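Structural description and commentary
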Amino acid sequence: MTRDQNTPLFARWCWLILLGLMVLVYSGALQAGFFLDDIQAILFHPHVTDLGTAFRKALVTDRGMVNLTLAMNHALGGAEPWGYHLVNLVVHYLNGLLLWGLIYSTLQLPRIAMSRDRAALLAIGAAAIWLVHPLGSQAVIYTVQRAELMASTMILFCAFALVQSQHHPKHRRLWLVLCVLGSFAGMQCKLIAIVIPLLLLVFDWLLVATKGSEIWRQRFLMYVGVFASWSMLFVLGVTDMLQSDQPLSSAGAGLMQAIPPKLYLAVQSQVLLHYLFVSIWPGTLVFDHVWPLPLQWTTCWPTLLVMTVLFGVTVVLVMRRVRWAILPSLFFLVLAPTSSFLPVIDLAVEHRMYLALSSVCVGVVLLLGYLLRGKATLLRAVMVLLIVALSVRTWLRVGDYQDPQVLWSKVLKVYPDSERAEAQVQFTQIMKQGLGKQMQQLQQAIADNPNDHQSLYALGDIFFQLSNLDLARPMLEKAWELKPDEPTYIQALARVLRIDGELDRALPLYRQLVELQPKDVSIRLNLAELLAGMKQWDQALAQLHQAQRIAPQNPAVHANTANILLRADRASQAIEPAKRAYALAGEQSANAAGVLASAYAANGMWSEAAALFEKVHQFNPQDPGTLQRLAWLYATCPDPSVVDGQKAVAYARQFYEKIGGASPTTWDTLAAAWARVGEFDRATDAMHQAIVRLRTLKREDLIPAFEQRLKHYEQKQPYTQDAVNTP
């Protein structure tokens, strides 16, 4: 389609209209900072910090082209966020132009044959609404979601090139070759581009080809090429990752084998309906969803039924070549990689709707065009009102991103139990107290010199103190790699590895620390705890015996000895060190009293254990660990003189109020308490909740014990401890 004097005014100035909207709505995004994965994916990704490596890996690694653009940002601007946001805004703007061009040219294909003026009006309306829709803001402002933006660019470009091959017969082969190249480039951006071949095929079938046979007769080689882009799955090693137990190594969400595909599909039926709702009414947007897992997939049957019907209708309409079926087809195909049956860690994320949102926006505009046919002025007015309303909402949403405390506080309003949101709110509050400037200086120092081990350690330690282990770990690892004999770096990294559960990697670091500082009792205590976590009981106790020789009056040494003996099923040996710790620490020590109470319980001294736990509770009535132990003791104790269902329920409820429902232990404790008072239905539901959370945490090793207790409740029997250890 060549541009001449007959080209409609909207078509001539669409680029300026969309640019003006972008500047008005998104200019504030340049003042936003980094979020969540941004720092790790930008400042510590080897394919980003080294531009040469980024070029070499661009075509052979997952998200290689995205990393290349981030590496260019890094080379030009270091750790300054505004440059990264600017590139994201440019990509979003280009996507808006591509969407406009795709709609404008598609509406003039023979199967639709709309006039230029009307096509231009509807195209600019749909593209503008999509460009300023607040649901797309997360993909635009969250820097690492550039992968979503760029993959969408390639999807839109491939569809645009297919349509242009029909409008420009002389250059048809060139446009079809560009389709193939775009499909391969998309696979280098994000794996959602895997849908390009199927999307092109459906698009061709519904809108481009005048006859079905035309697809294979004129574009067979093109489809061979675009389907060949799937070979990139092998080049990128994705097939190996899909078959492994480890999450995908890209910056995006990893696979989660802990959730059964059937349950994940059922949950996604709820999520998809939520996506559709906020597409139409974007009142409440959430940066970080904590979408609840249902107990069983059957509990989602209403939403599952709705989505199954919608999908079935879409398939029927596609088979009958109903033109507008392209819109639900786009919605389902784009979301298929993340919102179908393949479990992904994040159940619901707004940025996944970035491109799928276009199907809703185009559908709304086409519906308005149909309802207001012959009333062009009214149609323009309605579209302008929609654009203005959405622009204002997005402008306000951009303001949320400028103040992370506001952004995360809004997450807490929707998900009050979100631990990550609560931690981020605390983090932003600390940043506002002056730490933010120090962190920015350290980030810039690292960007200027990636081998500055002192800045790496300092920033990593700040993140550790803020309980942000995901950001602390890569910095501490790199600081240690640069200076492997520095005790401070060794201890910091070993501590993080132990918390992350990588005991095999932490063990040699702690042994190195013991050699460097043999008189440091705290190091031996940490090493003993780590060895105990690996069930190397004798080695753990040997370290504690060495610690006792160094500091015989240290109550922590004796308390740890008692704890490890209890975990090693040597309960009878735990009494003496527990009493010794209690004597040294004094009766006001809640920790020492708790250890002795646990030793009493492990030796069947139930009344002594209950009395001492109650005493500990008096010292610190807010301690969740004591609340849980009391609830468990009163619910499962085999001594009829001690067991007390009402107390168990009261303490279990307080425990739940303190730590929320994210922990499996919370629901396990509540279940035991409810069963003790005869509320077996509630106990059964609670155990289902506990098991779901175990799967989420990938603790399949604990599921058999939980399921055994569940059988008790299903048989209307309370659980009574056979072994005397608490969970």
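Calculation criteria
Residue numbering note: each chain is counted from 1, following its sequence as written. It should be noted that, the model being predicted, local features are given only for residues of pLDDT at least 70 and side-chain atom pairs only at 80 or more, the latter also being counted only at that level, while totals for whole chains, interfaces and linings use all residues. Side-chain figures throughout are based on the complete set of non-hydrogen atoms in the structure, without hydrogens or water. A run of DSSP states H or I qualifies as a helix once it reaches four residues; a run of E qualifies as a strand once it reaches two. Both are numbered from the N-terminal end. Put simply, the radius of gyration uses C-alpha atoms, and a globule should come to 2.2 Å times the residue count raised to 0.38. Buried means the residue's accessible area, taken with a 1.4 Å probe over protein chains only, is under 20% of the maximum for its type, while exposed means over 50%, and partly exposed covers the values in between. When checking whether two residues touch, look at their non-hydrogen atoms; a contact exists if any pair is within 4.5 Å. Where accessible areas are quoted, they stem from the Shrake-Rupley method and a 1.4 Å probe; at the residue level, only the protein chains shown are allowed to cover. Residues counted as positive are Lys and Arg, residues counted as negative are Asp and Glu, and His and the chain ends are not counted. Every charge is mapped onto a representative atom, which is NZ of Lys, CZ of Arg, CG of Asp or CD of Glu. Residue types Ala, Val, Leu, Ile, Met, Phe, Trp, Tyr and Cys, when buried and joined through side-chain atoms within 4.5 Å, form a set referred to as a nonpolar core. A fitted line through C-alpha atoms serves as each axis, taken over the contacting stretch for helices, and the angle formed by two N-to-C directions is quoted from 0 to 180°. Between 65 and 115 degrees an angle is taken as roughly perpendicular, under 35 as roughly parallel, over 145 as roughly antiparallel, and anywhere else as oblique. Take the far helix as the reference: if the near one is turned anticlockwise from it by less than a right angle, the crossing is left-handed, and if turned clockwise, right-handed. Charged means Asp, Glu, Lys or Arg here, nonpolar means Ala, Val, Leu, Ile, Met, Phe, Trp, Tyr, Cys or Pro, and polar covers whatever is left, Gly included. Pairing of aromatic rings covers Phe, Tyr and Trp, the last counted by its six-membered ring, and requires centre-to-centre distances within 6.5 Å; plane angles under 30 degrees mean stacked, over 60 mean edge-to-face, and any other angle means tilted. When a carboxyl oxygen of Asp or Glu lies within 4 Å of a side-chain nitrogen of Lys or Arg, that pair is called a salt bridge. A helix's residues, less one, multiplied by 1.5 Å, set its expected span. By construction, the arc corresponds to the directions joining the helix axis to the C-beta atoms. Here, patches come from residues exposed beyond 30% relative accessible area and free of salt bridges, joined within 9 Å for like charges and within 5 Å for nonpolar side chains (Val, Leu, Ile, Met, Phe, Trp, Tyr). Note on scores: pLDDT gives the predictor's confidence for each residue, bounded by 0 and 100.

1. Digging into the overall build of the chain
Along the chain, the regular secondary structure elements total 36 helices and zero strands. Rg of the C-alpha trace for the chain: 30 Å, near the compact-globule value of 27 Å for 727 residues, within the 12% margin. Per-residue burial for the chain yields a buried fraction of 53% across its 727 residues. Here the contacts in the chain between residues at least 6 apart in sequence split such that 68% fall between residues at least 24 apart. Carbon together with sulfur atoms contributes 59% to the accessible area of the chain, which is approximately 32100 Å² in total. Distance between charge centres in the chain, computed from 60 positive and 53 negative side chains, equals 11 Å.

2. Examining the nonpolar core
Residues Tyr26, Trp100, Ile141, Leu162 and Phe463 are the most contacted members of the largest nonpolar core, which totals 247 residues. Leave out the neighbours within four places in its chain, and Phe463 touches Ile39, Phe427, Met439, Gln443, Asn468, Leu471, Ala472 and Met475.

3. Structural notes on the side chain of Thr314
The residue Thr314 is located in helix 16 (residues 301–319) in this model. For Thr314, the residues in contact, after removing those within four places along its chain, are Ala325, Pro328, Ser329 and Phe332.

4. Remarks on the packing of helix 10 (residues 172–187) against helix 12 (residues 212–228)
Orientation of helix 10 relative to helix 12, taken along the N-to-C sense of each, is 15°, at an axis distance of 8 Å. With respect to helix 12, the element helix 10 is oriented roughly parallel. Read as a crossing pair, helix 10 and helix 12 show a hand that is right-handed. For the pair helix 10 and helix 12, contact is made by Arg172, Leu176, Cys179, Val180, Ser183 and Phe184 and by Gln218, Arg219, Met222, Gly225, Val226 and Ala228, respectively. Each residue belonging to the contact of helix 10 with helix 12 can be placed in one class, and the counts come to seven nonpolar, three polar and two charged.

5. Considerations on the packing of aromatic side chains
Under the counting rule described, the total for this entry stands at 18 aromatic pairs. When the centroid spacing of 5.3 Å and the interplanar angle of 85° are considered together, the rings of Phe287 and Trp408 count as edge-to-face. Of this pair, Phe287 sits in the loop between helix 15 (261–280) and helix 16 while Trp408 sits in helix 20 (residues 404–414), and the two are 121 residues apart along the sequence. Of the two residues examined, Phe287 and Trp408, each falls in the buried class. Measuring from centroid to centroid gives 5.6 Å for Tyr656 and Trp667, while their planes differ by 70°, and the two rings are edge-to-face.

6. Examining the pattern of salt bridges
Enumeration over the complete set of coordinates arrives at 16 salt bridges. Across the pair Arg505 and Glu477 runs a salt bridge whose closest N-O atoms are separated by 3.1 Å. Of this pair, Arg505 sits in helix 25 (residues 503–516) while Glu477 sits in helix 23 (residues 469–482), and the two are 28 residues apart along the sequence. The salt bridge partner of Glu529 is Arg567, with a shortest N-O separation of 2.8 Å. Highlighted residues: Glu529 in helix 26 (residues 521–533) and Arg567 in helix 28 (residues 555–567), separated in sequence by 38 residues. By sharing partners, the salt bridges in this structure join Arg473, Glu477, Glu502 and Arg505 into a single network.

7. Concerning the side chain of Ser455
With respect to the helices and strands, the residue Ser455 is situated in helix 22 (residues 453–465). Classification of Ser455 as buried rests on a relative accessible area of 9%. Residues within four places of Ser455 in sequence aside, it is in contact with Leu442, Ala445 and Ile446.

8. Considerations on unusual backbone geometry
Unlike most non-glycine residues, Ala113 shows phi in positive territory, near 55°. Locating Ala113 in the fold gives a position in the loop between helix 6 (81–106) and helix 7 (116–132). Overall, the relative accessible area of 55% leaves Ala113 in the exposed class. Non-glycine residue Arg321 carries a positive phi angle of around 60°. On the secondary structure map, Arg321 appears in the loop between helix 16 and helix 17 (326–335). A relative accessible area of 16% means that Arg321 is categorised as buried.

9. Overview of helix 16
Taking 1.5 Å per residue, 19 residues should reach 27 Å; helix 16 reaches 26 Å between its end C-alpha atoms and fits that length. When helix 16 is considered as a whole, its buried residues turn out to be Thr303, Leu304, Met307, Thr314, Leu317 and Val318. Taken down its axis, helix 16 places every buried residue within 160° of arc, on the same side. Of the exposed residues in helix 16, the ones pointing more than 90 degrees away from its buried face are Trp301 and Met319. Buried residues along helix 16 sit against helix 11 (196–208), helix 15 and helix 17. At the exit of helix 16 stands Arg321, carrying a positive phi of roughly 60°.

10. Overview of a nonpolar patch on the surface
Nonpolar side chains collect at one region of the surface, where Trp13, Trp15, Leu16, Ile17, Leu19 and Val23 lie side by side and expose about 520 Å² of accessible area between them. Structurally, Ile17 can be placed in helix 1 (residues 9–26). Judged by relative accessible area, which is 34%, Ile17 ranks as partly exposed.

11. A word on the confidence of the model for the chain
The share of residues in the chain with pLDDT of 70 or more is 93%, and the mean pLDDT across the chain is 86. Within the model, the stretch residues 723–727 combines pLDDT values under 50 with 13 contacts to residues more than four positions away or in other chains.

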